[in-house]
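Below are the chains, spelled out letter by letter.
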Amino acid sequence: MARIKYIAGNWKMNKLSGEAVALAQGIVKEAGNFDCKIMIAPPFTALCEVGKVVKGTNVLLGAQNMSNKVSGAYTGEVSPEMLKDLGVSVVILGHSERRGYYGETDEFINSKIKLALEQGLDVILCVGETLAQREAGKAADVVTSQVQNGLKDISECALEHITIAYEPVWAIGTGKTATAQDADAIHKVIREKLASLYSADAAEKMIIQYGGSMKPENAAGLLAMPNIDGGLIGGAALKADSFVALLKCTK
Ligand code: PGA
């Protein structure tokens with residue numbers, strides 16, 4: 001079974017709302033020419049305006065984070081319902097910047113994933129090892145335990161709403177990309193883990209994106225690998241022409 005390619009832009013803490021609208025318009029103008037799955041995740045402050053631009057197009061609106069609570073006295077948090085209200089259908093959870101800078105644990109990420117699914121949102125679960133973990137030969141162990149703990153108590157039928165993004169921390173925003181072979185090896189390990197946690201069929205169906213300095217120059221090589229089904233892209237998603245060039249690499 002051929003898995004669809006999925007290209008997602010994580011804009012991180014970039015773009016004021018006017019800039020975000022212009023970027024989204026540039027992407028939407030071209031996106032209709034591609035049959036891959038496409039998502040853009042602007043900062044919270046631009047979701048409303050970008051939501052209007054992508055409405056009715058083949059570009060999905062994503063959020064970069066979400067509260068693990070439904071509503072109430074949680075100062076500074078954004079609930080799943082608030083996101084859905086703006087047209088968000090996908091949420092990125094467990095990004096290494098959330099894990100590393102804000103102390104998000106697997107358990108906390110798992111609580112957010114469960115809530116997102118309950119509330120009808122799709123999820124991109126990010127996993128990845130640090131440079132020290134890779135050098136210690138622990139990359140596969142770290143990543144498989146993030147997958148297992150992140151998906152704790154999540155049923156096989158819910159997996160169709162989940163995408164996994166393998167993002168080696170040492171490759172994010174550094175210009176260092178994992179080689180296509182190294183990345184594919186970890187994607188394969190993730191798929192094997194899914195097969196043991198769920199079933200061979202579930203593992204085969206899972207879309208696993210690569211993230212970490214993916215750009216038009218290296219994307220075709222990565223996307224040609226058997227276990228790499230797309231990309232979660234930061235820096236190269238901040239300009240319409242480079243994002244569209246990445247979409248072209250899926251063809
Ligand atoms: P990068 O970021 O493409 O800038 O390395 C990817 C990500 O963190 O999602």
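For the structure, check the block above.
All values reported here derive from a predicted model rather than from experimental measurement. (Residues numbered from 1 in each chain as written. Predicted model: local features only at pLDDT ≥ 70, side-chain atom pairs only at ≥ 80, totals over all residues. Heavy atoms only, no water.)

Q: For this particular structure, what's the right way to read the side chain of Glu104?
A: Structurally, Glu104 is set in the loop between α4 (96-102) and α5 (106-118). Taking relative accessible area as the criterion, Glu104 reaches 8% and is therefore assigned buried. Side-chain polar atoms of Glu104 contact the side chain of Arg98, separated by 3.0 Å. Within polar-contact distance, the side chain of Glu104 engages the side chain of Lys112 at 3.1 Å. Excluding its chain neighbours within four sequence positions, the residues that come into contact with Glu104 are Asn65, Arg98, Arg99, Ile109 and Lys112. (Helix = DSSP H or I, 4+ residues; strand = E, 2+ residues; numbered from the N terminus. Buried < 20%, exposed > 50% of the residue type's maximum accessible area, 1.4 Å probe, protein only. Polar contact = N/O pair within 3.5 Å; in protein donor to acceptor, adjacent residues only side chain to side chain. Contact = heavy atoms within 4.5 Å.)

Q: Can you help me understand the site of the ligand in this one?
A: Near the ligand you find 13 residues, and of these Lys12, His95, Glu167, Gly173 and Ser213 are the closest. At 2.7 Å from an oxygen atom of the ligand is found a side-chain nitrogen or oxygen belonging to His95. Side-chain polar atom of Glu167 to an oxygen atom of the ligand: 2.7 Å apart, as the coordinates give it. When the ligand sits alone it has 280 Å² of accessible area, and the protein chains cover 95% of it. Looking at side-chain class alone, the shell around the ligand contains four nonpolar, seven polar and two charged residues. (Near = heavy atom within 4 Å. Areas by Shrake-Rupley, 256 points an atom, 1.4 Å probe, with all protein chains shown as cover. Nonpolar A, V, L, I, M, F, W, Y, C, P; charged D, E, K, R; others polar.)

Q: What exactly am I supposed to notice about the packing of aromatic side chains here?
A: To describe a pair of aromatic rings, one takes the distance between the centres and the angle between the planes. Applying the stated rule across the entire model yields two aromatic pairs. On the numbers, 6.4 Å between centres and 85° between planes, the contact of Tyr101 with Tyr102 is edge-to-face. When sorted by exposure, Tyr101 lands in the same class as Tyr102, which is exposed. When the ring centre of Tyr6 is taken as origin, the NZ or CZ atom of Lys37, which lies over that ring, is 4.6 Å away. (Phe/Tyr/Trp six-rings, centres within 6.5 Å; stacked < 30°, edge-to-face > 60°. Lys NZ or Arg CZ within 6 Å of the ring centre and 35° of its normal.)

Q: Sorry, what's going on with the pattern of salt bridges here?
A: Tallied over the full model, the rule gives 13 salt bridges. For the salt bridge of Asp153 with Lys114, the shortest nitrogen-to-oxygen distance reads 3.8 Å. One end of the pair, Asp153, is in the loop between α7 (139-150) and β6 (162-166); the other, Lys114, is in helix α5, and 39 residues separate them in sequence. The class for Lys114 is partly exposed, based on a relative accessible area of 28%. The partner of Glu129 in a salt bridge is Arg134, and the shortest N-O contact between them spans 2.7 Å. Arg134 gets classed as partly exposed once you look at its relative accessible area, which sits at 23%. Overlapping salt bridges bring together Arg3, Arg191, Glu204 and Asp229 as one network. (Salt bridge = Lys/Arg side-chain N within 4 Å of Asp/Glu carboxyl O.)

Q: It is not clear to me how the packing of helix α1 (residues 17-31) against helix α2 (residues 44-54) should be interpreted in this structure. Could you clarify?
A: In helix packing, the relevant descriptors are the interaxial angle and the interaxial distance, both defined with respect to the helix axes. Running from amino to carboxyl end, α1 crosses α2 at an angle of 30°, the nearest separation of the two axes being 9 Å. Accordingly, the angle class assigned to the pair α1 and α2 is roughly parallel. Where α1 crosses over α2, the two elements pack in a sense that is right-handed. Seen from α1, the contacting residues are Ser17, Ala20, Val21, Ala24, Gln25 and Val28; seen from α2, they are Thr45, Ala46, Glu49, Val50, Val53 and Val54. In the contact of α1 with α2, the residues fall into eight nonpolar, three polar and one charged. (Axes fitted to C-alpha atoms, helices over the stretch in contact; angles between N-to-C directions. Parallel < 35°, antiparallel > 145°, perpendicular 65-115°, else oblique. Left-handed = near helix turned anticlockwise from the far one by under 90°.)

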